[in-house]
Amino acid sequence: MTAIHHLNCVSSCPLGGRLMDGRSRSIAQRGSLCCHCLLLETDNGLVLIDTGFGLRDVRDPRSRLSGLFLRLLAPDFREEMTAVRQIERMGFRAQDVRHIVLTHLDFDHAGGLDDFPAAQIHLMRRERDAAEAQRTWLDRQRFRPQQWSSRARWHVYSPYTGGEPWFGFECVRDLRGLPPEVLLVPLAGHTFGHAGVAVCGPQGWLLLAGDAYFYHREMDADAPWCTPGLRVYQRLMEKDRRARLRNQQRLRSLKERLGDEICLLSAHDPLEFERAAGRPAGALAPSRAGSIAEAL
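Residues numbered from 1 in each chain as written. Predicted model: local features only at pLDDT ≥ 70, side-chain atom pairs only at ≥ 80, totals over all residues. Heavy atoms only, no water.

**Student:** Which residues make up the sheet that holds strand β9 (residues 182-186), and what values do they have?
**Tutor:** The six strands are arranged β7-β8-β9-β10-β11-β12 in an open sheet whose pairing can be described as mixed. The sheet is open, and its two edges are formed by β7 (164-166) and β12 (262-265), each paired on a single side. Between one strand axis and the next, the sheet turns by 35° as a mean value, whatever way the strands run. Pairing of strand β8 (residues 169-174) with β9, which is carried by two bridges, proceeds in the antiparallel orientation. Bridge pairing in β9 links Asp-174 to Leu-183. Where helix α10 (residues 241-258) meets the sheet, it contacts β7, β8, β11 (204-208) and β12, and its direction lies at approximately 150° from that of β12. (Pairing = 2+ DSSP bridges. Helix = DSSP H or I, 4+ residues; strand = E, 2+ residues; numbered from the N terminus. Axes fitted to C-alpha atoms, helices over the stretch in contact; angles between N-to-C directions. Contact = heavy atoms within 4.5 Å.)

**Student:** Explain empty space enclosed by the protein residue by residue, including any values.
**Tutor:** For the structure on display, the rule yields two cavities of 30 Å³ or more. Along the walls of the largest cavity sit 13 residues, with Leu-73, Asp-108, Phe-214, Tyr-233 and His-268 positioned nearest its centre. At the level of secondary structure, the elements contributing two or more residues to the lining of the largest cavity comprise α6 (107-110) and α9 (228-237). By residue class, the composition of the lining of the largest cavity is seven nonpolar, three polar and three charged. Quantified by volume, the second largest cavity comes out at close to 40 Å³. (1 Å grid on protein atoms, 1.4 Å probe; cavity = no way out; pocket = protein on both sides within 12 Å on 5 of 7 lines; lining within 4 Å. Points joined across faces, edges and corners; volume = space filled by probe spheres on them. Nonpolar A, V, L, I, M, F, W, Y, C, P; charged D, E, K, R; others polar.)

**Student:** Explain the side chain of Arg-252 to me, using residue names and the numbers behind them.
**Tutor:** Summarising the element assignment, Arg-252 is placed in helix α10. Buried within the structure, Arg-252 lacks any salt-bridge partner; its nearest side chain of opposite charge belongs to Glu-218, at an N-O separation of 5.9 Å. Beyond its immediate chain neighbours, meaning those up to four positions away, Arg-252 contacts Glu-218, Met-219, Asp-220, Ala-221 and Pro-224. (Buried < 20%, exposed > 50% of the residue type's maximum accessible area, 1.4 Å probe, protein only. Lys, Arg positive; Asp, Glu negative; His and termini not counted. Salt bridge = Lys/Arg side-chain N within 4 Å of Asp/Glu carboxyl O.)

**Student:** Could you give an account of the environment of Pro-159, naming the residues involved and the relevant values?
**Tutor:** Here Pro-159 shows up in the loop between β6 (154-157) and β7. In contact with Pro-159, not counting residues within four places along its chain, are Met-124, Cys-171 and Pro-186.

**Student:** An account of the packing of aromatic side chains is needed here, citing residue identities and associated values.
**Tutor:** The description of an aromatic ring pair uses the distance of the two centres, along with the angle that the planes make with each other. Evaluated as defined, the whole model comprises ten aromatic pairs. Seen in terms of ring centroids, Phe-53 and Phe-77 are 5.5 Å apart; in terms of plane orientation they differ by 85°. Their pairing is edge-to-face. In this pair, Phe-53 is assigned in the loop between β3 (45-49) and α2 (55-59) and Phe-77 in the loop between α4 (67-73) and α5 (83-89), connecting sequence segments 24 residues apart. Residue class for Phe-53 comes out buried when judged on its relative accessible area of 1%. Judged by centre distance (5.8 Å) and plane angle (75°), the rings of Tyr-215 and Trp-225 are edge-to-face. Here the residue Tyr-215 occupies a position in the loop between β11 and α9, and Trp-225 occupies one in the loop between β11 and α9, the gap between them amounting to ten residues. For Trp-225, a relative accessible area of 36% gives the class partly exposed. An aromatic cluster of at least three residues, connected via ring pairs, comprises Phe-53, Phe-69, Phe-77 and Phe-107. (Phe/Tyr/Trp six-rings, centres within 6.5 Å; stacked < 30°, edge-to-face > 60°.)

**Student:** I'd love a proper account of helix α7 (residues 125-133), names of residues and values included.
**Tutor:** Along α7, the residues classified as buried are Glu-127, Ala-130 and Ala-131. End-on view of α7: buried residues confined to an arc of 100°, all on one side of the axis. Contact partners of the buried residues in α7: β5 (120-124). Positive phi appears at Gln-134, one or two residues downstream of α7, with a value of about 50°. (Arc of directions from axis to C-beta.)

Encoded structure:
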């Protein structure tokens, strides 16, 4: 692993302001939540962890995304904030992204799949199966087949068999064609096939936990707390409440045990993004490749 870059791939601006993000001035204005993705430079090319919203989402959101979530979240659709445009700004090409690892298939995590035609995509088998089944009305709003032209390049993994233990988590998978420092960690609950992605760097582990939690104070060991709006949103979106809460507790325990040896990151907490990236959540990645590498 030669470098790790933090990208915010289009912020969402949910109704409820401070009730959602905990730092807007009021509840009358819209809040701001990031879409935290990672770009890894490896000896075998670039690896992107989650994609955020993509170019087609930005250019024609109504053909790609649910009207419910467009009204609720009002994403700040700026083409320059998409993963592919930020990667190009850093001096790379879309074709340089050889692998994409997904935490899950929600519309705000998988929208950029179409922008990387050379990438192999890695995700949990149960996530693929549940998303393709489209069993409920909410499933049809959150899982958007319009974003999945890459399906022939999907590689899926079982959350129940294979893999190895990893700090108390079972069936943690290394991924075909990726270095052993990148692992897929089952974290079901938000969706049935939800996962975190662990990356090992020189200073320890980083775990992008996707939507396993939404607010940094949920990881407080003594008195975990979440903003009221995000607490409601998590309840709305969860597929398995018991698994979600159990995995949140396991993440808290992981953080307590490892301390500074691991950096936990939610996909949507702007404070965590800013601490990790060293810049505001609304700022673009610097234009020169390597200038924002986060040594772990």
